[in-house]
Every structure is written in structure tokens, then in C-alpha cells.
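# Observations on chain architecture
Each chain, written out:
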Amino acid sequence: MASNVEAPERWYLALLGFAEHFRTSSPPKIRLCVHCLQAVFQFKPPQRIEARTHLQLGSVLYHHTKNSELARNHLEKAWYISQQVPQFEDVKFEAASILSELFCQQNLVDSAKPLLRKAIQISQQTPYWHCRLLFQLAQLHTLEKDLVSACDLLGVGAEYARVVGSEYTRSMIWALFLLSKGMLLLMERKLAEVHPLLTLCGTIVENWQGNPIQKESLRVFFLVLQVTHYLDAGQVKSVKPCLKQLQQCIQTISTLHDDEILPSNPADLFHWLPKEHMCVLVYLVTVMHSMQAGYLEKAQKYTDKALMQLEKLKMLDCSPILSTFQVILLEHIIMCRLVTGHKATALQEISQVCQLCQQSPRLFTNHAAQLHTLLGLYCISVNCMDNAEAQFTTALRLTTHQELWTYIVTNLASVYIREGNRHQELYSLLERINPDHNFPVSSHCLRAAAFYIRGLLSFFQGRYNEAKRFLRETLKMSNAEDLNRLTACSLVLLGHIFYVLGNHRESNNMVVPAMQLASKIPDMSVQLWSSALLKDLNKALGNTMDAHEAAQMHQNFSQQLLQDHIAACSLPEHNLISWTDGPPPVQIQAQNGPTTSLASLL
């Protein structure tokens, strides 16, 4: 809470001290804090104190209460009064910044834009705030999917950074604007423009000799973009060196203290993200990598750590990015639960994502397609294929993201294959995700999955040689990038093909490593499938003891999946599978027991 005032009155300092004490109490006593600040106005304070107090009240109310109208009232007064006070930049621009955030929260974007533009116009002599406000307006355009305007603003910021302040400051802010532009170019999939820009940024960051925390902070930004770029491309193995550097970098930052070096230039105070948020972000990209690679226990471990840290941060910080981090973490761990045979837990976490989205219309807008995709995956896991189709169709309608679109289409194709009577729709989909030519995205992982879907279809149609060709292509691609789950699925399906063809030895050579890999992940469905095949294989090969052991494993997996299936379908949240329109339902009614069958799994 800002408190630097000229010739402070004792009564003001006393009330401010009490307010700060109540604000930082554990737990915070916000009502008492607000009472102390409101008492300032009883003394008819001068304009500087009046404006600052309105800012403090508006900030407290915005960050710690739901009384947005009162917060807005105080922030508007702070913005208006501070413009009449000379040399009062911090209060003036902080009021504009928080007020524009509040407008965006209330979906009043048309009020936020002119406010930010005016603040940017009059802040050119205050580098810190000028840069921060440019970033804020660029972020607003980004949220509106107006990436062209956002890139233009970042270009203005880069040019401003080129001429402002010290050499250190120029390099730091220049790098921040360039990295932010690189982030937008990645979002637009303009990869040809991204590579040289990231190369330039890497050189700037390495050569910069400023505050150690700021240098490591810039390096985290740079490495996060590199890691995200690799993960978007489905290159799980190739990303490992960058991810390791990122993890080492965040460890370095955690050992440094913010007050080790006090900057002499105000613009040097600029940070792209608080280091506590950076820690969560690094956990998040680690979870994303672990999920893609099939290291699901590792994904679980880092998700638990990240969510624990998020809960602590959200007690004191209402930044929207924390809720975004939480939703993305939950999205990934839900996929892990479905693979590891914990459908009931996954369903409860899907409901948790719904609740988070109910609290934020913007969060729902950005994650509605992912939410319906998760419900579609859950529907597949409990053999509700009609509902799965409805969920995936809804998700396709809601997304413009090419990678997510391709992922949804791939899963929808698997639904049509299982149903067996949707040939026209299936072939229409497969034409749009043909891995042999004109694949819609550059993702290595998704292209490998498309080959697997082709192999699965050929298997069901009895075209075994064709199926083997597709699956060997999947194996080649998945082995190249350590895509363990795709490898396990391809091996067990190849094993099944060889078993049908009577080549028991070759089948065994596929199924045994599939089982080992599935156990390591662990993937319950592949283990169930592999154990059934091992049982039949060992019977055919005359290995009675091994056949009995495989039969026992199959029975154990079947029981676990059946119990989890019943538990999930008995939850009131199971009725979410019928939700395909509008915002998430506020209340979910319970139903009388499960209505789905495990027959296809057993």
C-alpha cells in the first residue's frame, strides 16, 4: 500500500498504519482496513492525501472484496483528482491501471481502452508506467483476439524502449517487448517470424548485465516461450534441454532476494511477472511436458505442488492469471486421471473447472472448448459414445485453435470407429487430418496420433497390412520424441494384429513391452488390453503359469476399472455429460445409479 506523502499529518500516518496492519493481518481484516482509510476523509485532507486514499480504498476493495461498484467509485475519484496535482505520476497511473482492470472484469472493455490510451499519452516522461500501460493495453487487445493491434502496440513500446533511460533499461524493456511480440507471433503460428526474433532475444538476454533477478526473469520468459514452442510442436524429447535450463533458472531466482540491488532508474523496477507467479508457470509447463511424454506420476507430483502454491497466492492476490494457471493445471491432471483409471476424481475436477469458469465469464470463454473436450474424453472412458460425440461437436463449434481442433477431431474419429456405423462422417473427418499430406498443424505428437487412428480404423476393417504400416509410422514418430503413451498403444494394437494373424511369437514381442510401458505410465486401459492378450497368448503358447498370472492381472484391472466406473457414474456430476450449451450448470442433480456399461472395456 503506497504511503509516500509530502509533509504527512500525524493523524494520516496513524490511520494509514492501522489500515496496513489490518490489511496484512493473517487472515486479513479488510473491513477494519477500509474503516481506517474512510476515516481519513473526516479530516478534510489536502488533494494529494485525498487522491492517494481513494486509490488505496479502490485497490483494497477491488483486490479483497466483491464490491466492485464502490471500488470503481474510489478509483475514478483517484484518477480525476490526481490529474489536478502536479508530479503525482504514481497515484495517477496506478489508478488508471487498476481502474482499467476493473472495467475489463466487468466486461466494459470500451471504457478501459480510452482510459489506457489517455494514460499512455500523458505518461511518456514516466518510463515505468508508460511501458506498463502499453503492455496492459496490448494484453487487452490480445484477450479480444485483436493480435494485430497488440503487435502494433508492442512495436511502439520497443521503439520507446530504444531511446529511454540507461543502456541496461533499454536492453531490458526492449527484450520484454520483443519477447511479448514473440509470444503473440507464436499464438498466430507465424513461426517463420518467431525463430529470428527469439534468437535475437536470446542474445540480448545473455549479454545484459543488469540486476540479477531481472536478468533471470527475462531468461525465464525466453525459455518459457522456447519450451511452449516445442510442446506446441509435440516435440517432447527435443524440449528437454530447454526445460532443464528453465527449471535451473527458476531455482536461481528463488535463491535471490528482491532487495539485493536497488535500481537507480525507475524503469528498472519493471517486471514481466512476479517471481511467485513464475514458479507456478514453470510447474505448469513441466506438467504439460510430463503429460505429453506419458510421465503421469511426475505430472501428478508437480500439479500438487503448483496447486498448493496457487492456493497460498490466491489468499493474498486476486490476479486473473492465477485462476487461468489453476484451470490449465486441472485440465492436464484430469487427462492424467482418465488415463490412470481415476474417472470419479477426474469428474469431480471437471466440476471444479466448471465452478472456476462460473466465477469468470472471460475464463469460461477462453476454456469452454477445453471443458467440453474433457467431458468428451470422460464420456469415452465410461462408454457413453453418443454423449462423447455431442461434447466433441460442441467443442469444435467453440474453438478456433488449430491444435485443439485437430486433437478434438482425432478423438471424435475414435468415437466413430468404435460405433462402427458412422462411415460417412468418419471418412470426412479423416480427410481433414490426413497425416500423409496437408496435415493441418505442425505438431509432431498430433500427426503421430493421426497415424494411430488410421491404424485403428484399418484394424477394425480387417486390413491388417495397412494397419501395420500406419502403426509402424506411429511407433517411429513416437519413439523419436519419447511419446510413451502412443508407443504403448501402438505396440499393443500391433500385438493384437499379430495375434489375429496367428503370429504368436511376434505378438508376444509387442505386447510384453506394451505392458511394461503401460505399467510405467501407468495406463489402465492399455494394461487391461495387454493383460487380456497376454492371457490368450500364453494359453496358445502352452505357458500355463504365465497365462494364469495374466488372467489374474486382467481380473484385477477389470475390477478396479469397474469400481471406478460405478463410482463415477453414481456422482451427480455425471449429469454434466448432457450439458452442451450455454454456461456451466450452477447445480447438478443426482441421479439413481450408473446408466452406462463396461462391456466394451471388459
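The structure this text deals with has already been given above.
All values reported here derive from a predicted model rather than from experimental measurement.

## Comments concerning the overall build of the chain
Tallying secondary structure elements over the chain gives 26 helices and 0 strands in all. Taking 25 Å as the expected radius of gyration for a compact globule of 602 residues, we find that the chain reaches 28 Å, a close match to that expectation. Projected onto the principal axes, the alpha-carbon positions of the chain cover approximately 95 × 55 × 45 Å. Here the chain, with 602 residues, has 53% of them falling under the buried criterion. For the chain, contacts bridging at least 24 residues in sequence account for 63% of all contacts bridging at least 6. Of the charged side chains in the chain, 51 are positive and 51 negative, and the gap between their average positions amounts to 1 Å.

## Quick notes on the environment of His-277
The residue His-277 is located in helix H13 (residues 275–293) in this model. Exposure remark for His-277: the relative accessible area of 3% places this residue in the buried category. Along the chain, His-277 and Leu-313 lie 36 residues apart, while their C-alpha atoms are 8.4 Å from each other. Residues in contact with His-277, not counting those within four places in the same chain, are Leu-313, Asp-317, Ser-319, Ile-321, Leu-322 and Phe-325.

## Here we look at the environment of Gly-455
Secondary-structure assignment places Gly-455 in helix H21 (residues 444–460). On the basis of relative accessibility, which here comes to 0%, the residue Gly-455 falls in the buried class. Sequence-wise, Gly-455 and Phe-470 are 15 residues apart; in three dimensions their C-alpha atoms are separated by 5.0 Å. Apart from residues no more than four positions distant in its own chain, Gly-455 is found in contact with Ala-467, Phe-470, Leu-471 and Leu-493.

## Let's talk about the environment of Lys-535
When you line up the elements, Lys-535 lands in helix H25 (residues 524–541). C-alpha separation for the pair Lys-535 and Asp-546, spaced 11 residues apart in sequence, amounts to 7.4 Å. Those residues in contact with Lys-535 that sit more than four places away from it in its chain are Ala-547, Ala-550 and Ala-551.

## Side note on the state of the cysteines
The final tally for this structure, using the stated rule, is 0 disulfides. Sulfur of Cys-445: no disulfide; nearest cysteine sulfur belongs to Cys-489 and is 11 Å away.

Cut-offs used in this document
- Residues numbered from 1 in each chain as written.
- Predicted model: local features only at pLDDT ≥ 70, side-chain atom pairs only at ≥ 80, totals over all residues.
- Heavy atoms only, no water.
- Helix = DSSP H or I, 4+ residues; strand = E, 2+ residues; numbered from the N terminus.
- Rg over C-alpha atoms; globule rule 2.2 N^0.38 Å.
- Buried < 20%, exposed > 50% of the residue type's maximum accessible area, 1.4 Å probe, protein only.
- Contact = heavy atoms within 4.5 Å.
- Lys, Arg positive; Asp, Glu negative; His and termini not counted.
- Charge placed at Lys NZ, Arg CZ, Asp CG, Glu CD.
- Disulfide = S-S within 2.5 Å.

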